[in-house]
Amino acid sequence: MDLIICVVGLLALIVEGIRCQGVYAPPTVRIIHSGHACNVEEERHTERVYTIREGETLELTCLVTGHPRPQIRWTKTAGSVSDRFQDSSVFNETLHIAKILRTQGGRYYCKAENGLGSPAIKSIRVDVYYLDDPVVTVHQSIGEAKEQFYYERTVFLRCVANSNPPVRYSWHRGREILTQGSDKGVEIYEPFFTQGETKILKLKNLRPQDYANYSCIASVRNVCGIPDRSVIFRLTNKTASPSIKLLVEDPIVVNPGQTVSLVCITTGGEPPPLLTWVSTNDSLPQRSVVKGGTLTLPAITSDEAGVYSCVASNNVGNPAKKSTTIVVRALKKGRFWITPDPYHNDDNIQIGREVKISCQVEATPPEELTFSWLKNGRALRSSERMVITQTDPDISPGTTNLDIIDLKFTDFGTYTCVAALKGGGIPEISIDVNISSTTVPPSLTVPRGKSPLVAREGDTVELECLVSGKPKPIILWSRSDKEVPMPDGNMQMESYDGVLRIVNVSREMTGSYRCQTSQYNGFNVKPREAVVELIVQYPPTVEPVYMEKRQGLGRPVVMTCKVLRAHPSRVLRFEWLLSNRLLHAGAFDAQRDETEYTIRSLNRDGWGEYTCNVINEAGAGKCTFQVTGKAYPPEFYYDTYNPLWQNRPRVYGFKLQWTQMNPGAVDRIVAYRLGIRQMGLQRWWEQEIPVDGQINKGELMTHNLTELIKPESYEVRLTPITRFGEGDSTIRIVTYSAPINPHLREFHCSFEEEPICMFTQDKNDDFDWTRHSAATRDTKYTPNTGPSGDRSGSKQGFYMYIETSRPRKEGDQARLVSPFFNVAPKNPYGITNPPAYCFGFFYHMYGKHIGTLNAFLKQKGQSASEAPVWSLSGNQGNHWKQAKVSVHPTSSFQVGPTRLHQSSARPRCPDWPPSSALSVLVSIGCRILMHRFTSPDIKQKGVHRRCWARREQYHSWLAIRRPNVCEE
């Protein structure tokens, strides 16, 4: 009996080098797009450019491979993008920006990392296209030559539109298209310093026919479907720039709460100007009302004071602008100070010497401020001994002085400074100052026992300075040991009673605090100062605060608690507890900053929460260790190619694969609990998957989920089980996706699974191909049939085969047909030649009566080609050989081997395709031979790589990718 075997295992478009690291692999990244792109330039040497119209939806998906599953983060122009779009998108595979704005264009990066190797980063530049309505502005110049009685009027029409890509302009007069040279009285040009930004239409020495409707049309040549935009300007002999008039005074002085109306009218301009109001406060007050040229500010406040401008624009000449200032009356912050005789070095007031009382307020407007003085409630007028000044250039604005010359006992009393505004309507401010024999300069002291002040973190503390003297001044608090802000964020804090109150004091507030007198509400003398020390105690800061220790039974466990900082630094003691049961206690060694507890052999009673309390005078710091035998969570494997298959119309199956994180950290995993539920339902279906033997790190495990209902999605939960019990669970979503025609950019497939890579048996042939392996061969009935192993020599690897012995007869055919492959998309640079694809496979043809193995190409909408693209006949020896053939489809296509019994045609194998072709490789078995073929002009050799891996992972698989770069 003779046997012929055809294997179609690996079709590969190589994009990047494949690293052979087993199941665990560093991340790889590829960005694809699924939004409303106008154009995507895939083949640019420097970058990929994604063009989108403003207002459309940008959707970029970061396809990652690698195990464990890489974490993804999107960034824009090497910075975070979380402030530019939804935070939920930043860490998702799909970046979604609805109604994209022009400011959101730029380079977007997808970064994937899983702790293995370097992070994988890919980028794509997003170019947002837009076109705003054009704007026409008109300017004119008038020239005169009086002696020659020459008069010229020239008009310039300037058209500007914001756009991306650059806009093209065209001018029309009525229905007439204006071009340079079409009319001697018209000149069209672009200013040199703004080339590409505008186009100016110059009407020289204005003529009657120049009075017409002018249209400026802005176009971006319909890119992204953006239509042309236009604007019409009517030029007449009355066309003029705007002029306006404000029907209000300048400035306008009002009291708070009044309603202010500003009226602006146009006095000229054609076309009629548009009036707008602007303010120096960036925007108009929220409660303001604009109606035509009238701006109304109801119940005005001091914050709404400022300059308000009326602007008129009709795009002819320069806009007209008129402004007025609104002043809102106000009086605030009344203060005083006493200055002893400046001609004597003495801080006290003395009989027979001069004393000055100063009074200050903040007034708006300052020119309306008036002061009056009272003594003991009676009006006081300026005299030779009582000199009142308000216009002294040496004093600050809003200040009045009362100089008492040659102080007498009769001058003692209460002096009152009264501040008011001339217009009225604002409450007066009165400040009382007492001058008597008890009026003395201040002094500052710190109460006994109040420095240093010791407090615990979180307490409320009061720093106190005693103020003596009359009158008592305002006390200013600040840090004296370093230039840092006070608790309220300011560099200084005021206190009227000398007490600084700090709520929830923290360790960072430890230090020296200065209290000093200010000149306000006191003597204008050299400030008095005092210093208060604050010491904040806090419990020890320890590490780790929490740590999980996973360990198997019978193994040692070591727990270490380390002290990082504490105040006081002298630590009194430590104690180790298990669930509030004291295990060990003692005092710290002065030379060590850590304590350790060891379990020599962990037993079941040793599982639980261990606590180490490190205690000082301020409290305790706590290290917590959770000692457990829980297994780590499994790691789902997301890179299984074509894990979904369909054997029946209403159900589908899914190949679930995973590895175990740190399998040797705890006791041996004896089983997995698999839970599955349909999305949207509450009920879980569970079963146990037994595990035989020890799981190795990186070992790929497989379980097939069957009887899943189309098109429902399922939530799958996997939990490892040890002697301890259940470990940590991992959850993933299994989503149904209908079969699609694969694209030759990337296609992986394998005969290891029943679906056989979406290949199908031709219903019009005479018999079928069979999935087989050397291990499943029935040696009783076919002892000499088929190879002894797959292409790598493994007896476990699968392949497709046919029997050529009885009952087969000459002319019988068996056809195995691939799914449809979509041809490569149109090259953006316009290459019209169809791309070349290389179809390759391994075959085993051994026996006396071997017929012919043909490979045909069938394009969509066409019948199969009359002649095979590859053919081979006869006995080729008892070993595997590789075949490869170039094909040049122009539409979606299928490939497949056909076996003809007793045929003899044998054409030559075509050369491998050039660099523009797709590389197709075929492989069976554990060992994979990968080739990369590069362009001759790059002058690099093909790279041969071999990788050894577990049979379960690399048995006969199929992959298709497209080469973009040549690299080793």
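Residues numbered from 1 in each chain as written. Predicted model: local features only at pLDDT ≥ 70, side-chain atom pairs only at ≥ 80, totals over all residues. Heavy atoms only, no water.

### Thoughts on the overall build of the chain
Rules: The helix and strand labels rest on DSSP assignments: H or I over at least four residues marks a helix, E over at least two residues marks a strand, and numbering proceeds from the N terminus. Each residue gets one of three labels from its accessible area relative to the maximum for its type: buried under 20%, exposed over 50%, partly exposed in between, using a 1.4 Å probe on protein chains only. Whether two residues are in contact is decided by their heavy atoms: any pair within 4.5 Å suffices. Using the Shrake-Rupley algorithm and a 1.4 Å probe, accessible areas are obtained, with residue cover drawn only from the displayed protein chains.
Across its full length, the chain carries 2 helices and 73 strands. Within the chain, the fraction of its 968 residues that count as buried is 46%. Contacts in the chain between residues at least 24 apart in sequence constitute 70% of all its contacts with a sequence separation of at least 6. When the accessible surface of the chain is summed, it comes to about 49,900 Å², and 48% of that surface belongs to carbon and sulfur atoms.

### Points about the sheet that holds strand 31 (residues 378-380)
Note the cut-off: At least two DSSP bridges between two strands are needed for those strands to be called paired. Inter-axis angles, ranging from 0 to 180 degrees, are taken between N-to-C directions of lines fitted to C-alpha atoms, where helices are fitted over the stretch in contact.
On the basis of which strands lie adjacent, the open sheet formed by 4 strands has the order 31-30-34-35 and antiparallel pairing. Of all the strands in the sheet, the pair left with one neighbour each is strand 31 and strand 35 (429-435). Along the sheet, successive strands turn relative to each other by an average axial angle of 35°, direction set aside. In this sheet, strand 34 (residues 413-421) lies alongside strand 30 (residues 369-375) in antiparallel orientation, the contact comprising 7 bridges. The partner of T370 across the bridge, within strand 34, is A420.

### Points about the nonpolar core
Heads up, the rule is: Buried Ala, Val, Leu, Ile, Met, Phe, Trp, Tyr and Cys residues form a nonpolar core when they are joined through side-chain atoms within 4.5 Å.
Core analysis: the largest hydrophobic core is formed by 28 residues, its most contacted members being L331, I357, L369, W373, L402, I404 and Y415. Only strand 28 (330-340), strand 29 (355-364), strand 30, strand 33 (399-404), strand 34 and strand 35 provide two or more residues apiece to this core. Among the elements that line this core, the one with the most residues is strand 29, at 5 residues. Setting aside anything within four residues of it in sequence, one finds L402 in contact with V355, K356, I357, W373, L380, M386, V387, I388 and Y415. Counting 27 residues, the second-largest nonpolar core is a separate cluster that includes Y129, V136, A161 and L178.

### Some details on the state of the cysteines
Stated formally: In what follows, a disulfide is any cysteine sulfur pair within 2.5 Å.
All told, the structure shown has 7 disulfides when counted by the stated rule. Here C62 is linked by a disulfide to C110, with a sulfur-sulfur distance of 1.7 Å. As the torsion about the S-S bond is roughly -90°, the C62-C110 disulfide counts as left-handed. In this pair, C62 sits in strand 5 (residues 58-67) while C110 sits in strand 9 (residues 106-113), placing the two residues 48 residues apart along the sequence.

### Some points on the pattern of salt bridges
In plain terms, the rule: Here a salt bridge means any side-chain nitrogen of Lys or Arg lying within 4 Å of a carboxyl oxygen belonging to Asp or Glu.
Counted under the stated rule, the structure contains 30 salt bridges. When the shortest N-O distance is used, the salt bridge between D210 and R173 registers 3.0 Å. With a gap of 37 residues between them, D210 in the loop between strand 17 (198-203) and strand 18 (213-219) and R173 in strand 14 (residues 168-173) connect regions that are remote in the sequence. A relative accessible area of 0% places D210 in the buried class. Close ionic contact of E529 with R514 constitutes a salt bridge, the shortest N to O distance being 3.8 Å. Remark: R514 occurs in strand 43 (residues 511-517) and E529 occurs in strand 45 (residues 529-543); sequence separation between them is 15 residues. Look at R514 and you get partly exposed, because its relative accessible area is 22%. One salt-bridge network, in which partners are shared between bridges, spans R173, E176, D183, R207 and D210.

### So, a nonpolar patch on the surface
The condition that has to hold: The patches reported here contain residues having more than 30% relative accessible area and no salt bridge. Joining distances are 9 Å for like charges and 5 Å for nonpolar side chains (Val, Leu, Ile, Met, Phe, Trp, Tyr).
A cluster of nonpolar side chains, namely M679, I731 and I733, defines an oily patch on the protein surface of about 250 Å² accessible area. Here M679 lies in the loop between strand 56 (671-678) and strand 57 (685-690).

### Brief notes about the side chain of S436
We apply this condition: In the analysis that follows, any N or O atom pair within 3.5 Å is treated as a polar contact, provided that within protein one partner can donate a hydrogen and the other can accept it, and provided that, for residues neighboring in sequence, both atoms belong to side chains.
Note on placement: S436 falls in the loop between strand 35 and strand 36 (440-445). When its relative accessible area of 17% is taken as the criterion, S436 is described as buried. Here the side chain of S436 touches T438 through a polar contact of 2.8 Å, side chain to side chain. Excluding residues that lie within four positions of it along the chain, S436 makes contacts with F412 and K470.

### Notes on the confidence of the model for the chain
The cut-off we apply is this: The quantity known as pLDDT measures the predictor's confidence residue by residue, on a range of 0 to 100.
Mean pLDDT for the chain: 80, with 80% of residues reaching 70 or above. In this model, residues 78-88 is a region of pLDDT below 50 whose contacts with residues beyond four sequence positions or in other chains number 15 contacts.

### Side note on the packing of aromatic side chains
Applicable threshold: Aromatic rings from Phe, Tyr and Trp, taking only the six-membered ring of Trp, are treated as a pair when their centres fall within 6.5 Å; an angle between ring planes under 30 degrees marks them as stacked, one over 60 as edge-to-face, and anything in between as tilted. Geometrically, a charge over a ring is one whose NZ (Lys) or CZ (Arg) sits within 6 Å of the ring centre while staying within 35 degrees of the ring normal.
With the rule as written, the count across this model stands at 11 aromatic pairs. Aromatic pair Y597 and Y610: ring centres 6.3 Å apart, planes at 35°, arrangement tilted. Here the residue Y597 occupies a position in strand 50 (residues 594-599), and Y610 occupies one in strand 51 (residues 608-616), the gap between them amounting to 13 residues. Members of the aromatic cluster, each reached through a chain of ring pairs, are W576, Y597, Y610 and F625. Over the face of the ring belonging to F636 we find R732, whose NZ or CZ atom lies 5.9 Å from the ring centre.

### Quick notes on the sheet that holds strand 24 (residues 289-291)
Strands sit in the order 20-22-25-24 across an open sheet of 4 strands; the sheet is antiparallel. Each edge of the open sheet carries a strand with a single partner, namely strand 20 (240-246) and strand 24. On average, each strand axis in the sheet is inclined to that of its neighbour by 20°, with strand direction left out of account. With 3 bridges joining them, strand 24 and strand 25 (residues 294-297) adopt antiparallel strand pairing. Bridged to V289 within strand 25 is T296.

### As for the pairing of strand 14
Note that strand 14 and strand 18 share 6 bridges and pair antiparallel. Residue pairing across strands places R173 opposite Y214, the latter belonging to strand 18. Two elements, strand 14 and strand 15 (residues 176-178), share 3 bridges in a ladder whose sense is antiparallel. Bridging across to strand 15, R173 finds its partner in E176.

### Details of unusual backbone geometry
With an omega dihedral of -5°, the bond running from T364 to P365 counts as a cis peptide bond. Relative to the helices and strands, P365 is located in the loop between strand 29 and strand 30. The phi dihedral of R221 is positive, around 60°, even though this residue is not glycine. You can see R221 is positioned in the loop between strand 18 and strand 19 (229-234). Positive phi, close to 65°, is recorded for N315, a residue that is not glycine. Tracing the sequence through the fold places N315 in the loop between strand 26 (306-313) and strand 27 (320-328). For N315, a relative accessible area of 32% corresponds to the partly exposed category.

### Description of the side chain of R732
You can see R732 is positioned in strand 60 (residues 730-734). Among all residues touching R732, those that are not within four sequence positions of it are F636, Y637, Y638, F654, L656, Y714, E715 and V716.

### Things to note about the pairing of strand 8 (residues 94-97)
Alternating positions in strand 8 separate cleanly, L95 and I97 being buried on one face and T94 and H96 remaining unburied on the opposite face. Across 4 bridges, the pairing between strand 5 and strand 8 is antiparallel. Bridge pairing in strand 8 links E59 to H96.

### Description of the environment of M509
Counting through the fold element by element, M509 comes out in the loop between strand 42 (499-502) and strand 43. Taking the C-alpha atoms as reference, M509 lies 8.1 Å from I535; in sequence the two are 26 residues apart. With residues near it in sequence (within four places) discarded, M509 still touches R479, P487, I502, N504, L534 and V536.

### Details of the environment of R815
When you line up the elements, R815 lands in strand 65 (residues 813-817). Residues R815 and Q761, spaced 54 residues apart in sequence, show a C-alpha to C-alpha distance of 6.2 Å. For R815, the side chain forms a polar contact with the side chain of Q813, separated by 2.3 Å.

### Quick notes on the environment of D250
With respect to the element layout, D250 can be found in the loop between strand 20 and strand 21 (252-254). Sequence separation between D250 and I326 is 76 residues; the distance between their C-alpha atoms is 7.9 Å. In contact with D250, not counting residues within four places along its chain, are S323, T324 and T325.

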